[in-house]
Amino acid sequence: DREQLKSGDAATLTISVGGKGNLKLIEPPVLELPAELEVYDPQIKDEISVSSAGMTGTRNFDYLIIPRAGGDYSLGPFSFS
């Protein structure tokens, strides 16, 4: 949710997966981030609708990240299969 933080401040990284199908079966992606970043289990938010055509929508994974040391860190790219 922001690009710069002070050590100890928190930021939220949101990964969204959208499309058609049973989106509730999608597990949270495992993030490989530097050890200096404290990462908590994601909160999952579903924006899913069901109709006669099937299930469509988006599943959002919100990760709370706290840097424990100063520096420049790159996040991503993240892949999903």
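Up top is the structure these notes are about.
Described below are features of the structure shown in this document.

### Description of the overall build of the protein chain
Looking only at helices and strands, the protein chain features zero helices and four strands. In sequence order, the protein chain lays out its α and β elements as β-β-β-β. Taking 12 Å as the expected radius of gyration for a compact globule of 81 residues, we find that the protein chain reaches 15 Å, considerably beyond that expectation. Put simply, the protein chain has 81 residues, and 22% of those count as buried. For the protein chain, restricting intrachain contacts to residue pairs at least 6 apart in sequence, the fraction spanning at least 24 positions comes to 69%. Summing over all exposed atoms, the protein chain offers an accessible surface of approximately 5900 Å²; the carbon and sulfur share of this is 47%. Once the 7 positive and 12 negative side-chain charges of the protein chain are each reduced to a mean point, those two points are 7 Å apart.

### Structural notes on the side chain of Arg 59
Structurally, Arg 59 is set in strand β4 (residues 54–67). Here the side chain of Arg 59 touches Asp 46 through a polar contact of 2.7 Å, side chain to side chain. Setting aside its immediate chain neighbours within four residues, Arg 59 contacts Ile 15, Ser 16, Val 17, Leu 23, Lys 24, Ile 26, Ile 44, Lys 45 and Asp 46.

### Quick word on the nonpolar core
Counting residues in hydrophobic clusters, the biggest one holds 11 residues: Leu 13, Ile 15, Val 17, Leu 23, Ile 26, Leu 31, Leu 33, Leu 37, Phe 61, Tyr 63 and Ile 65. Those elements that place two or more of their residues in this core are β1 (11–20) and β4. The contact partners of Phe 61, leaving out residues within four places of it in the chain, are Leu 13, Thr 14, Ile 15, Val 17, Ile 26, Glu 27, Pro 28, Pro 29, Pro 42, Gln 43 and Ile 44.

### Here we look at the pairing of β4
Relative to β4, β1 is paired through 10 bridges, and the arrangement is antiparallel. Within β4, the residue paired with Lys 20 across the bridge is Thr 56. Here strand β2 (residues 37–39) runs beside β4; their pairing, made up of three bridges, is antiparallel. In the sheet register, Glu 38 faces β4, and the bridge partner there is Ile 66.

### Considerations on the pattern of salt bridges
Enumeration according to the criterion identifies four salt bridges in this entry. Of the charged contacts, one joins Asp 62 and Lys 45 as a salt bridge, the two residues approaching to 3.1 Å between their closest N and O atoms. With Asp 62 in strand β4 and Lys 45 in strand β3 (residues 43–51), the pair connects residues that are 17 residues apart, well separated along the chain. Asp 46 is the salt-bridge partner of Arg 59, the closest N and O atoms lying 2.7 Å from each other. Of this pair, Arg 59 sits in strand β4 while Asp 46 sits in strand β3, and the two are 13 residues apart along the sequence. Residue Arg 59 is classed as buried on the basis of its relative accessible area, which comes to 10%.

Each value, and the rule that gives it
Residue indices follow the written sequence of each chain, beginning from 1 at its first position. Reporting of local features is limited, given that this is a predicted model, to residues whose pLDDT is at least 70; pairs of side-chain atoms are given and counted only at 80 or more, and all residues count toward the totals for whole chains, interfaces and linings. To obtain the side-chain values, all non-hydrogen atoms of the structure were used and water was disregarded. A run of H or I in DSSP becomes a helix once it reaches four residues, and a run of E becomes a strand once it reaches two; helices and strands are each numbered from the N terminus. Our radius of gyration is a C-alpha quantity, and the globule rule it is checked against amounts to 2.2 Å times the number of residues to the power 0.38. Accessibility here uses a 1.4 Å probe with only protein chains present; expressed as a share of the type maximum, an area under 20% marks a residue as buried, one over 50% as exposed, and anything in between as partly exposed. Only heavy atoms matter for contacts: two residues are in contact if any of them lie within 4.5 Å across the pair. Accessible surface is estimated by sampling points in the Shrake-Rupley manner with a 1.4 Å probe; for residues, cover comes only from the protein chains shown. Charged residues are defined here as Lys and Arg on the positive side and Asp and Glu on the negative side; His and the ends of the chain fall outside this count. In plain terms, the charge of a residue is placed at NZ if it is Lys, CZ if Arg, CG if Asp and CD if Glu. Each polar contact in these results corresponds to two N or O atoms within 3.5 Å; when the atoms are within protein, one needs to be able to donate a hydrogen and the other to accept it, and residues that are neighboring in sequence are counted only if both atoms are side-chain atoms. Only buried residues count toward a nonpolar core. Its members are Ala, Val, Leu, Ile, Met, Phe, Trp, Tyr and Cys residues joined through side-chain atoms within 4.5 Å. Note: two strands are recorded as paired if DSSP finds a minimum of 2 bridges between them. Basic side-chain nitrogens of Lys or Arg form a salt bridge, by our definition, when they fall within 4 Å of a carboxyl oxygen of Asp or Glu.

Just distances and angles here, no functional claims.
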